[in-house]
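Analysis of the macromolecular model
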Amino acid sequence: MECCCGLLTAEKQPVPLKGIEVELEVKDHVATVVSTLHYDNKEDKAIEAVFVFPLPGDAAVCHFSAKVGQTEIVAEVKEKQEAREEYDDALSSGQQAFLLEESEQSSDIFSLSVGSLPPGESASIRLEYIIELAVQADDALRFCLPAVLNPRYQPQGSEGGGVQVTSVPASQVPYSLSFSARVSSPRQVSKIDSNCSLEPLQYLNAEQSQAVVKLAAGHKFDRDVELLIYYKDAHQPAAVVEAGQVSAKPGTLMGDAVVMLSLYPEFPQAVMSSLASSGEFVFVLDRSGSMDCPINNTKKSETRISSARDTLLLLLKSLPMGCYFNIYSFGSSFEHIFPTSVEYSEKTMEEALKKVKEMQANLGGTEILQPLKHIYNQPCIPSQPRQLFVFTDGEVGNTKEVTSLVKKNSTSHRCFSFGIGEGASTALINGLAKEGGGHAQFITGADRMQPKVMQSLRFALQPAVEDISVTWDLPQGVTAIVLSPPLTAIFQGQRSLIYAQLTGQSSEAKDCFVTVKYNLAGHPTQNQIPFTLQPTEETGLTIHRLSARTVIRSLETEKNNYDLMPFMEREDKKEEEDGVKQKVVELSVQSGVSSSHTAFIAVHKGESSTTQGPLLRQIIPVPSFRNMPQMMCMRSMPISPPNAFHNMPQMMCMQSMPVCPPDAGFAGPPPACIAYADCAMGGEMDDLDEEMCYGWTKEIVAPSPPPCMDPLLELVSLQKASGCWPLVKALAAAMEKTSEEVEKPKPAAVSKDVWATILALIWLHGFKADAQDEWQLLAMKAVSWLCAQKASCVAECVAAGNTLLGCEVTKDTLGI
């Protein structure tokens, strides 16, 4: 096998992508992103450059153009096979051509082919997409520019040929990034945070409702760029109406006006204060080899698996008495702690925690489909709504199979998903939550997993919203065609979006209303939003394109359901399947928004001459976050099958890297360290612990001593399932006291468990108030236990506890 190091291809040619410029414009919660990629061919022959890169899975890619010299060529959207043939024909005739296509397996991966770039020639590629920004737990809007694209695991027997990725160590990315953002809103922009170094925020007006910010100079595009945008006031319900395209036919999506409704429900406090005490909670943990990588690329970053173990500790301690639970873990195979979900008790909780402590990232590949099938085959428990929590670094190649399975079972459960680390598939993580009626979270950069997961647990414990309906009050002659899938889940403080096409005309100047009604814990509730048919502001076609993207994704899901049918059943419905695909192609072409069945094609039809000899193909590497691998190897392989990316080689690069032991959490002694090569051939990845890759090496390294546990996790680990704490030596040590110091001030009339529980609550409020999101639920359980004890001398205990711990926490603050 040929091997090369650093920034050279297998033919030892330099990579032609030199730099990327990104301009971000955020209007309230909608972002428009314009990326410009600069290519430079310094070879003495024409080249074809191929760049496979990540984009957010729910982005609406709506513009693609190329500039060669002084000539700009704007791409058209065409049916994918037609676009590929046009691209090949152009290269054969010596013309320059540019092809942009979305992966058929995962909507968050794109391939850009720059064809027949002559010697000494430069080209600039302009790509534009639109995306809705997700609301975070602290009300920030999150924008993420993905840089890292990790190899995706393709299980044996899965549909499609998989996505092939050529990658280099994140620290050796050969191109730079310049990034600027402009933010505007009806409300004040309070601040903008980032995981990368920023220049100072500059306001553009006295109201501070417009601002610009840039990345600090010299940034290497070696990690995802994350912005957190904070507005002064909480998000409010709103409706934005956008006029139709003048040149489009009335009655079509692009020709009619479109309205985007943003719902931010506020549930009654009386309902929110009573969290559910029932439910079946099934936790599904990724234990593939890649989970032993750090969450981010800082030297002290804990591994993904250790952070997940700590999070499971908090989850298990926070579950309510009376619920049911189980824990699955998966890799190339899957395991479950209990044969079926069991009732939550001290015994079952301790048994589960013992197994969680032993969990390592040692199950090989990332085959999530089989454990999900096993879970869905288990009968639901009466009066215990099923809640699924999936933790994964999202590196799978069969995304659409997985999300289709979740959608098929969406009436029997809710699915909450968590993407861990750089490069997690947005298509998978968002798709699981969307199809499962839950909520998605991403843990990257300096994020802690625990507060985000606990927020989702609070969502899961909220009373289920039922009987959701949407009604429209419009002038006579105007009707609303809802384009979004039906609302199946509404969460306190989280935005829900509804897109609708407004057809017809009216001369009335009547105000319009949309009313969302639902039942919340038996209480009929409604939210009403007023709006007018007058376009709100100059938004171009932003909302139309987001609407088109919504419809396209729904149709693609429907088409994917046909793909997963048995052969004979699918043959019987071939005409219906072809009809769905045709609808996708027509809407994609009409709206100029990409889909899995179309591609952007641009051909420079100027003077051309037949290219002499074959084009030099160069694969542009993207950063891969794998514990800083030290070597990049590439190999020429046969052309991929038709359902894979256009003319992409079938073997991705190999990377030799260490698998490091867990460096945080409550695990026992870590295993020896091994170095392995991560490879995929023909759409398969073999288990990481098998000697299946060329260049595989194994090295035994002396284990490091077990890490110290975080004091918060130490204290939490001692809590009983009922909510109380025992008065034991370990509790005193967690609070940095001796057993004698803790036991001596205890009022004589109070039991040891009551005293210990009050001390633990005082310590949490006094020393860990900044981490309240992580322990709030288990503290509520402790307060409920205390109230049930009807203990005397509670005020005396609180006073004595404050004196002992040096705190000033009131009885009211504790909630007792």
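It should be emphasised that the depicted structure is a prediction, and the values quoted were computed from it without experimental measurement. (Residues numbered from 1 in each chain as written. Predicted model: local features only at pLDDT ≥ 70, side-chain atom pairs only at ≥ 80, totals over all residues. Heavy atoms only, no water.)

**Topic: the confidence of the model for the protein**
Mean pLDDT over the protein works out to 81, with 79% of the residues at or above the 70 mark. In the model, residues 608-613 has pLDDT below 50 throughout and makes 12 contacts with residues more than four positions away in sequence or in other chains. Segment residues 624-644 is flagged for pLDDT under 50; beyond a separation of four residues in sequence, or across chains, it makes 92 contacts in the model. (pLDDT = per-residue confidence, 0-100. Contact = heavy atoms within 4.5 Å.)

**Points about helix 6 (residues 399-408)**
Counting buried residues along helix 6, 8 of its 10 residues qualify, which places the element largely inside the surrounding structure. Among the residues of helix 6, those classed as buried are T399, K400, E401, V402, T403, S404, L405 and V406. Considering only its buried residues, helix 6 is in contact with helix 5 (369-376), strand 25 (413-420), helix 7 (426-435) and helix 9 (542-563). (Buried < 20%, exposed > 50% of the residue type's maximum accessible area, 1.4 Å probe, protein only. Helix = DSSP H or I, 4+ residues; strand = E, 2+ residues; numbered from the N terminus.)

**Details of the environment of E401**
Structurally, E401 is set in helix 6. For E401, a relative accessible area of 14% puts it in the buried group. On a C-alpha basis, the gap between E401 and Q105 in space is 8.7 Å, while along the polypeptide they are 296 residues apart.

**What to know about the packing of aromatic side chains**
Per the stated rule, a full pass over the model turns up 14 aromatic pairs. Between F325 and Y344, the ring centres sit 5.9 Å apart and the planes meet at 75 degrees, which makes this aromatic pair edge-to-face. Taken together, the positions of F325 in strand 21 (residues 324-330) and Y344 in the loop between strand 23 (342-343) and helix 4 (346-357) put the pair 19 residues apart, joining distant regions of the chain. With a centroid separation of 5.9 Å and 50 degrees between ring planes, the pair formed by F416 and F491 is classed as tilted. Taken together, the residues span a long stretch of sequence, with F416 in strand 25 and F491 in the loop between strand 28 (479-482) and strand 29 (496-503) at a distance of 75 residues. Owing to a relative accessible area of 5%, F491 belongs among the buried residues under this scheme. Taken together, the aromatic side chains of F283, F389, F391, F416, F418, F459 and F491 make up a single cluster linked through ring pairs. The ring centre of Y230 lies 4.7 Å from the NZ or CZ of K191, which sits over that ring. (Phe/Tyr/Trp six-rings, centres within 6.5 Å; stacked < 30°, edge-to-face > 60°. Lys NZ or Arg CZ within 6 Å of the ring centre and 35° of its normal.)

**Structural notes on the environment of L314**
When you line up the elements, L314 lands in helix 3 (residues 304-318). Taking the C-alpha atoms as reference points, L314 and E774, separated by 460 residues in sequence, lie 7.4 Å from one another. With near-sequence residues (within four places) excluded, L314 lies in contact with Q450, M454, L713, V716, E774 and L778.

**Overview of the pattern of salt bridges**
Considering all chains together, one arrives at 20 salt bridges under this definition. Put simply, R126 and E128 hold a salt bridge, and the shortest N to O gap is 3.7 Å. Given a relative accessible area of 31%, R126 falls into the partly exposed group. Take E128: its relative accessible area is 17%, and that puts it in the buried class. Salt bridges sharing partners connect three or more residues here, namely E102, R553 and E556. (Salt bridge = Lys/Arg side-chain N within 4 Å of Asp/Glu carboxyl O.)

**Description of the sheet that holds strand 10 (residues 134-135)**
Spatially, 10-11-17-14 is the arrangement adopted by the 4 strands of the open sheet, whose pairing is antiparallel. With one partner strand each, in any of the chains shown, strand 10 and strand 14 (189-194) form the two edges of the open sheet. As judged from the 5 bridges shared by strand 14 and strand 17 (residues 225-231), these two strands associate in the antiparallel manner. Within strand 17, the position partnered with D193 by the bridge is L228. (Pairing = 2+ DSSP bridges.)

**Details of helix 4**
Here helix 4 is 12 residues long and its end C-alpha atoms lie 16 Å apart, about the 16 Å a rise of 1.5 Å per residue gives. Of the positions making up helix 4, those classed as buried are T348, M349, A352, L353 and V356. Projected down its long axis, helix 4 carries its buried residues within an arc of 135 degrees, all on one side. Exposed side of helix 4, more than 90 degrees from the buried face: K347 and K354 are the residues found there. (Expected span 1.5 Å × (residues − 1). Arc of directions from axis to C-beta.)

**Examining the nonpolar core**
Counting 85 residues, the largest nonpolar core has F281, F283, L316, F391 and W725 as the members making the most contacts within it. Take this core: its biggest share by element is 10 residues, from helix 15 (residues 752-767). Residues in contact with F283, not counting those within four places in the same chain, are L312, L315, L316, L319, N326, I327, Y328, F389 and F391. Counting residues in hydrophobic clusters, the runner-up holds 54 residues, among them A31, V68, L112 and L133. (Core = buried A, V, L, I, M, F, W, Y, C linked by side-chain atoms within 4.5 Å.)

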